[in-house]
Every structure is written in structure tokens, then in C-alpha cells.
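Per-entry structural report
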Amino acid sequence: MRYNKKELRLRVDFNNMMSKSVGQDGFTDKQLLAASAEAESAFESVKAGRGKGMMGWTELPYNQDEVVEDILATAKYVRKNFEYFVVLGIGGSALGPIAAFQAICHLHYNELPKRKRKGPKFYVEDNVDPERMEALFDVIDVEKTMFNVVTKSGSTSETMTQYLIIRDVLEKKLGDKASEHIIATTSRDSGNLIKIAQKEGYKTFYIPDGVGGRFSELCPVGLLPAAVVGIDIKGMLAGARYMDELCSSSNPRKNSALMAALMQYLAMKKGKNVSVMMPYADGLKYMADWYCQLWGESLGKNKNLDGSACNKGQTPVKALGVTDQHSQVQLYAEGPFDKVITFIAVDRYRAQVAIPDGCEEFPNVNFLCGHTMNELIQAERRATEYALTKAGKLNHTIVLPELNEFTLGELIMFFELETAYTGALMQIDTFNQPGVEEGKNATYALLGRPGYDEKREELASAPQKLNRYII
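This report concerns the structure included in the present document. (Residues numbered from 1 in each chain as written. Predicted model: local features only at pLDDT ≥ 70, side-chain atom pairs only at ≥ 80, totals over all residues. Heavy atoms only, no water.)

**Some points on helix 9 (residues 192–200)**
Owing to its 3.6 residues per turn, the α-helix brings residues three or four apart onto one side. To keep things clear, this is the line we draw: Each residue is placed in one exposure class: buried if its accessible area under a 1.4 Å probe, protein chains only, is under 20% of its type's maximum, exposed if it is over 50%, and partly exposed if it falls in between. Every helix listed is a DSSP run of H or I at least four residues long, and every strand listed is a run of E at least two residues long, numbered separately from the N terminus. The arc refers to the directions leading from the helix axis to the C-beta atoms. Here, residues are in contact when the closest pair of their heavy atoms is within 4.5 Å.
Every buried residue of helix 9 is accounted for by Leu 193, Ile 194 and Ala 197. The buried side chains of helix 9 occupy one side of the element, clustering within an arc of 100 degrees when seen end-on. Along helix 9, exposed side chains directed more than 90 degrees from the buried face belong to Lys 195 and Lys 199. Looking at the buried positions of helix 9, the neighbouring elements they touch are strand 4 (145–150), helix 8 (157–174), strand 5 (182–186) and strand 6 (203–206). Looking one or two residues past helix 9, Gly 201 carries a phi angle of roughly 80 degrees, positive in sign.

See below:
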């Protein structure tokens, strides 16, 4: 499919981050100019790291032609032969596929009749709640299901637990044909899953070495599930490529992701330690979940690059407009000055619904008649933006001309670049996750994984809980 770049260009409105709009908490042109050298340094740092270490994600829009064709062929096979497609994963292996599915597919996709779906029913098992696993078996027929197990290391406890359960069920029902119902997405050269896949003969896709989970949506981790449900993955990559091109300047005024990073960085220095992501489209609801992992896991660190101690980061919070105008906006408007709110607006929704005439005797209801739901949601967003701005609360708006594969790719690349630039400005390692690893290691120790005796001893010597503090 061809996309008109000019018509689909993502825009970012920073007006309400400026002192002219929000008063003393906002920024002046002079302050931005004074910080421009820091921004340029961050840009150059990210540019120098492209394609190296854990920055392999920067090259995904450019280097996957062959694997994309393999993905498309596999997706066609799955659509033809299976009625269900289930992703087994957690973290970035699950949040990205969920976000893309929600953004592009029909909002009640699984409930549609097969002739309208044109693809298998889609589920993502992103937890190890035993009730959830049992519930899955109530809505799928495993003999008609393709399972995609996704873990780079092949030792992720949650994902491999799911895999072990599914493999056992498949082998009991299908015997030697069980391997025809599993696709592995993992590291090419290391880890347990690649060894299992080679032994069992699973169809396999590879996660590039330089791509971490939270940056993996534009590699086979996200592209295979997207293709299976009919999403134009070439369009996603084209949108990401376009955004990357738009963000090729070291001048923040010509690079929206760099400007967004600079303003978030300066806001953190002012004590704005909460980042609220609030899309005004149900299709983008789970993009806020995906953003929360990207932002929180990348920027929450206790060491600077020079090894000195710090406790840095900005807590991401997800909200949905207009739903959370009725649950969270009271806090944002009248609560502490500790937040930056990011709205995501859509110019043109994929449906238009008129509000019919009625309730003439009730003017407080009838005034809605003759308008559309499209007008209402836009007015709600603009009104919320105005109210927060009037209250002096920092906010800015990302505008998608419409929501499709191309603009979704733009949005993903925008957030990934913004995160990388922000981490560079903060002088931290954006791409590691030692805090996550500590919890993983403790889990391994508690469940008796070999090689974790020292951690088990550490846990055993931890202070015991006192009954007097349990009421």
C-alpha cells in the first residue's frame, strides 16, 4: 500500500510547554537556546551509537527486506491453516504486539465472524496467572492454534512456563505433529529457546542481538503477529523510516523527538517526575502501556554513565481520553506540579458517527444533537488541554493525521528516539535494566534454578516479616 508522507506526517505541538502558555513552570526561548548544546550532544551520542551495542533497533526500518518476506509468507500460511494465533511472551514481547493489534485492527476483532476477520483470532498471554492460562483453553482449540513463543534469552521464566504447558498439551493431543503448531522467536546464536527450536524443528525467527525487548516491536517480535492479523508491516516500517529521516537534525527545532526529549529532561530538572501518556483514541489505549515500559525501564536508573550514584527517572502513567477525564484529570488539574502530560490526538478517525435528534425538552442534552462523536471527542481533548494549561500544568500534544500502519510506525520510532535522546541527556545507560534482573534472579533462586545458591542464601538471610505488622 502506498502512503502519502506529506499528508500523514506526525506533528508535535509544544505550545503548552512554554511560559507564554502555562506561566512560570513553562520554558522560555532563552532557556531552550541555553540548553541547545546539551541537546546537540545527546543527538550526536545517539547518532554515534546507531547500530552498535543495544542500538540495533535504529536500523530495523532499513535492514529487514528478506525477513519481512519470510514473515509475510509465514503469516499467509498461518491465516490459511489455523483459527487461532497465540503469542506467549511478557514485557516487550507482549506489549508491542498488543499495542499494534489494538491500534490497527477492528476494536472487536475476535468477536467478528471469520469472513470479516480474514485472519485467526488473536490472543497474547502476557502473564503467569494460572486462572488466565486455564481461561485461554476455554476459548481456543489447541489443535487449530499456532503458538508463537517469544523470548530472546530462552530463559524468561514466565514465557518458558507458558511454553512448557503448551508443549505438553500439544504433544498429548497431536504427538509428533505438535512441532507444527509452534513458532519460536528468539536469539539466533545463544539461549535455550534456539536450542529447543532446533531440536524440535520449530519454524524460527530471530531477534537481532542489538535489539532489547522494549525496542523490539519493529523486528519479528512484533512484525510476525501483526502480519498474521493482516496489518501492513511494510507500511509500519515505512512510517518508522520516515520519522527517522525527519529526526535527522541536531537542532531541536527541526527534530521533534529531540525537542520532546529536551523538554522532558528540563522538566525533570524542575521536579516533574511523572510522565502521563493520554491518547484520545481507543485504538491507542495500549500504546500507552507500551510507552510505560519503554520510558520507565529505559530511564529509571541508579547509576550515571561515569558510575556515580544517582536515582533518576520519570514515572510513566497511562490514561485514556476521554475515559480518564472522569478519573484522573482532577488530580492533573488541581494536584501537584509534578507532571508532564502528553496528549495524542487524531485528526481523522476511521469512522464518523452522527448524534441524532432527540430529547428536545432537555436543552442540556439536546445541544449535542446535530454534532458528531468525532466533534465531541475533539472538543473534550481541546477542553482538557485548555483546563490544564489554564492551571499552569505542562502539556504537549502529538497529532496523528489518522491512525494507520504508517502513522503507527512513525509514532513507535518517535517514542524510541525520544527515549534514546532523553537517556543521553540524563547521562545514563538507556538500554540496560539491572533493576529488572535483580527480581529475575530472586525468582530463579526461589524456584530452585541451578547456579543460584548464593542468591538463595541471600534471600534466606533477609529480615523476616514480623507478625505485629500484619493486621
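On we go.
**So, a nonpolar patch on the surface**
Selection rule: Only residues whose relative accessible area exceeds 30% and that form no salt bridge enter a patch; like-charged residues are grouped when within 9 Å of one another, and nonpolar side chains (Val, Leu, Ile, Met, Phe, Trp, Tyr) when within 5 Å. Areas reported as accessible are Shrake-Rupley estimates using a 1.4 Å probe. Residue values count occlusion only from the protein chains shown. Basic side-chain nitrogens of Lys or Arg form a salt bridge, by our definition, when they fall within 4 Å of a carboxyl oxygen of Asp or Glu.
Taken together, Leu 446, Leu 447 and Leu 459 make up a surface patch of nonpolar side chains, about 340 Å² in accessible area. Checked against the element boundaries, Leu 459 lands in helix 19 (residues 453–460).

**Quick look at the layout of surface pockets**
Worth spelling out the cut-off: Cavities and pockets were defined on a 1 Å grid built over protein atoms only: a cavity is a set of grid points that admits a 1.4 Å probe from which the probe cannot escape, a pocket is an open set flanked by protein on both sides within 12 Å along at least five of seven lines, and lining residues are those with an atom within 4 Å of any such point. Grid points are joined across faces, edges and corners, and a volume is the space filled by probe spheres set on the points. Residues are sorted three ways: Asp, Glu, Lys and Arg are charged, Ala, Val, Leu, Ile, Met, Phe, Trp, Tyr, Cys and Pro are nonpolar, and all the rest, Gly among them, are polar.
As a volume, the largest pocket reaches approximately 770 Å³. In terms of lining, the largest pocket is formed by 32 residues, of which the most central are Thr 156, Gly 213, Gln 433, Glu 437 and Lys 440. When residues of the lining of the largest pocket are traced back to their parent elements, those giving at least two are helix 5 (92–104), helix 8, helix 13 (285–299) and helix 18 (434–446). Examining the composition of the lining of the largest pocket, we find that 5 residues originate from one element, helix 18, more than from any other. Here the lining of the largest pocket is built from residues that sort into 10 nonpolar, 16 polar and 6 charged. Roughly 610 Å³ of internal volume is contained in the second largest pocket. Lining the second largest pocket are 21 residues, with Leu 107, Asp 282, Tyr 349, Ala 351 and Ile 377 sitting closest to its centre. Of all the elements in the fold, those that place two or more residues in the lining of the second largest pocket are strand 11 (339–348) and helix 16 (373–390). Ranked by the residues each element gives to the lining of the second largest pocket, the list is headed by helix 16, at 5 residues.

**Section: the environment of Lys 301**
In plain terms, the rule: Pairing of N or O atoms within 3.5 Å defines a polar contact, subject to two protein rules: one partner must be a possible hydrogen donor and the other a possible acceptor, and residues neighboring in sequence count only if both atoms are side-chain atoms.
Positionally, Lys 301 belongs in strand 8 (residues 301–303). The exposure class of Lys 301 is buried, given its relative accessible area of 7%. Along the primary structure Lys 301 and Ile 428 are separated by 127 residues, whereas in three dimensions their C-alpha atoms are 7.1 Å apart. Ignoring any residue separated from it by four or fewer positions in sequence, one finds Lys 301 in contact with Arg 214, Cys 310, Asn 311, Lys 312, Ile 428, Asp 429, Thr 430, Phe 431 and Asn 432. Of note is the side chain of Lys 301, whose polar atom sits 2.9 Å from the side chain of Asn 432.

**Structural notes on the sheet that holds strand 11**
Filter applied, for reference: Pairing between two strands requires that DSSP report at least two bridges joining them. Where helices are involved, their axes are fitted lines through C-alpha atoms of the stretch in contact, as for all axes, and angles between N-to-C directions lie from 0 to 180°.
Strand order in the open sheet formed by 5 strands is 1-12-11-7-10, and the pairing between neighbours is mixed. Two strands lie at the open edges of the sheet, namely strand 1 (11–13) and strand 10 (315–318), each paired on one side alone. Ignoring strand direction, the axes of neighbouring strands in this sheet form an average angle of 20 degrees. As paired strands, strand 11 and strand 12 (residues 395–402) are joined by 7 bridges and run parallel to one another. Across the sheet, the residue bridging to Arg 348 is Glu 402, located in strand 12. Relative to the sheet, helix 12 (residues 256–269) contacts strand 1, strand 7 (274–279), strand 11 and strand 12, its axis offset from that of strand 11 by approximately 155 degrees. Set on the sheet, helix 13 makes contact with strand 7 and strand 10; between it and strand 10 the angle comes to about 175 degrees.

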